[in-house]
Amino acid sequence: VQLVESGGGLVQPGGSLRLSCAASGFTFSSYDMSWYRQAPGKERELVAAIISAGGSTNYADSVKGRFTISRDNAKNTVYLQMNSLKPEDTAVYYCNAKSWYVFWGQGTQVTVSS
């Protein structure tokens, strides 16, 4: 089982990034997928989630209207489009898969700074 995140980096406030998480080794279409983040000295928090069929999403209040989660079950990939980024969005972002089992990716760093 692998969840491999990509797309992180350094961006200025107000900028955009698109994170991707490529899954393998399990039946991706049967799993609810989420993005979490963890900032230094803080607990890991849920950012966005999407159900297995892709029809229903959920967002943390802090990112509503700025972030969009989506998935492509044909490509075994989940995305997080992040717009209007703020310094407080700086964190390591983790991909999560949940069904009968729970899997985590290794994380990708997002830094929002001028």
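Residues numbered from 1 in each chain as written. Predicted model: local features only at pLDDT ≥ 70, side-chain atom pairs only at ≥ 80, totals over all residues. Heavy atoms only, no water.

Draft legend 1. Fine view of the pairing of strand β3 (residues 17–24). Inspection of the sheet shows strand β1 (residues 2–6) paired to β3 by 5 bridges, in the antiparallel sense. Bridged to Glu 5 within β3 is Cys 21. In terms of strand pairing, β3 meets strand β8 (residues 77–82) through 6 bridges, oriented antiparallel. Across the sheet, the residue bridging to Ala 22 is Thr 77, located in β8. (Pairing = 2+ DSSP bridges. Helix = DSSP H or I, 4+ residues; strand = E, 2+ residues; numbered from the N terminus.)

Draft legend 2. Broad picture of the sheet that holds β8. Strand order in the open sheet made by the 4 strands is β1-β3-β8-β7, with antiparallel pairing throughout. The sheet terminates laterally at β1 and β7 (67–72), the two strands that pair on one side only. Neighbour-to-neighbour, the strand axes of the sheet open up by a mean angle of 15°, direction not taken into account. Here β7 runs beside β8; their pairing, made up of 6 bridges, is antiparallel. Across the sheet, the residue bridging to Thr 68 is Gln 81, located in β8. (Axes fitted to C-alpha atoms, helices over the stretch in contact; angles between N-to-C directions.)

Draft legend 3. Region of the structure containing the nonpolar core. Ranked by internal contacts, the top residues of the largest apolar core, which has 31 residues, are Leu 3, Met 33, Trp 35, Val 78, Leu 80, Met 82 and Tyr 93. Sorting the residues of this core by element identifies β3, β4 (32–38), β5 (45–50), β7, β8, β9 (91–98) and β11 (108–112) as the ones contributing at least two each. Setting aside chain neighbours within four positions, we find Val 78 in contact with Leu 19, Ser 20, Cys 21, Phe 28, Met 33, Trp 35, Ile 50, Ile 69, Ser 70, Arg 71 and Cys 95. (Core = buried A, V, L, I, M, F, W, Y, C linked by side-chain atoms within 4.5 Å. Buried < 20%, exposed > 50% of the residue type's maximum accessible area, 1.4 Å probe, protein only. Contact = heavy atoms within 4.5 Å.)

Draft legend 4. Up close: the pattern of salt bridges. Per the counting criterion, the structure on display carries 4 salt bridges. Of the charged contacts, one joins Asp 89 and Arg 66 as a salt bridge, the two residues approaching to 2.8 Å between their closest N and O atoms. Taken as a pair, Asp 89 in the loop between β8 and β9 and Arg 66 in the loop between β6 (57–59) and β7 lie far apart in primary sequence, 23 residues in all. Across this residue pair, the class does not change: Asp 89 and Arg 66 are buried. Residues joined by salt bridges that share partners form a network here, namely Arg 37, Glu 45, Arg 66 and Asp 89. (Salt bridge = Lys/Arg side-chain N within 4 Å of Asp/Glu carboxyl O.)

Draft legend 5. Geometry of the packing of aromatic side chains. What the rule picks out here adds up to 5 aromatic pairs. When the ring of Phe 26 is compared with that of Tyr 31, the centres are 4.8 Å apart and the planes differ by 65°; the resulting orientation is edge-to-face. Classification of Tyr 31 by relative accessible area gives buried; the value is 8%. Ring geometry for Phe 26 and Phe 103: centres 5.0 Å apart, planes at 45°, overall tilted. With Phe 26 in the loop between β3 and β4 and Phe 103 in strand β10 (residues 102–104), this pair connects stretches of sequence that are 77 residues apart. This pair shows no difference in class: Phe 26 is buried, exactly as Phe 103 is. Among the aromatic residues, those joined into a ring-pair cluster are Phe 26, Tyr 31, Tyr 101 and Phe 103. Here the basic side chain of Arg 44 rests over the ring of Tyr 94, its NZ or CZ set 3.7 Å away from the ring centre. (Phe/Tyr/Trp six-rings, centres within 6.5 Å; stacked < 30°, edge-to-face > 60°. Lys NZ or Arg CZ within 6 Å of the ring centre and 35° of its normal.)

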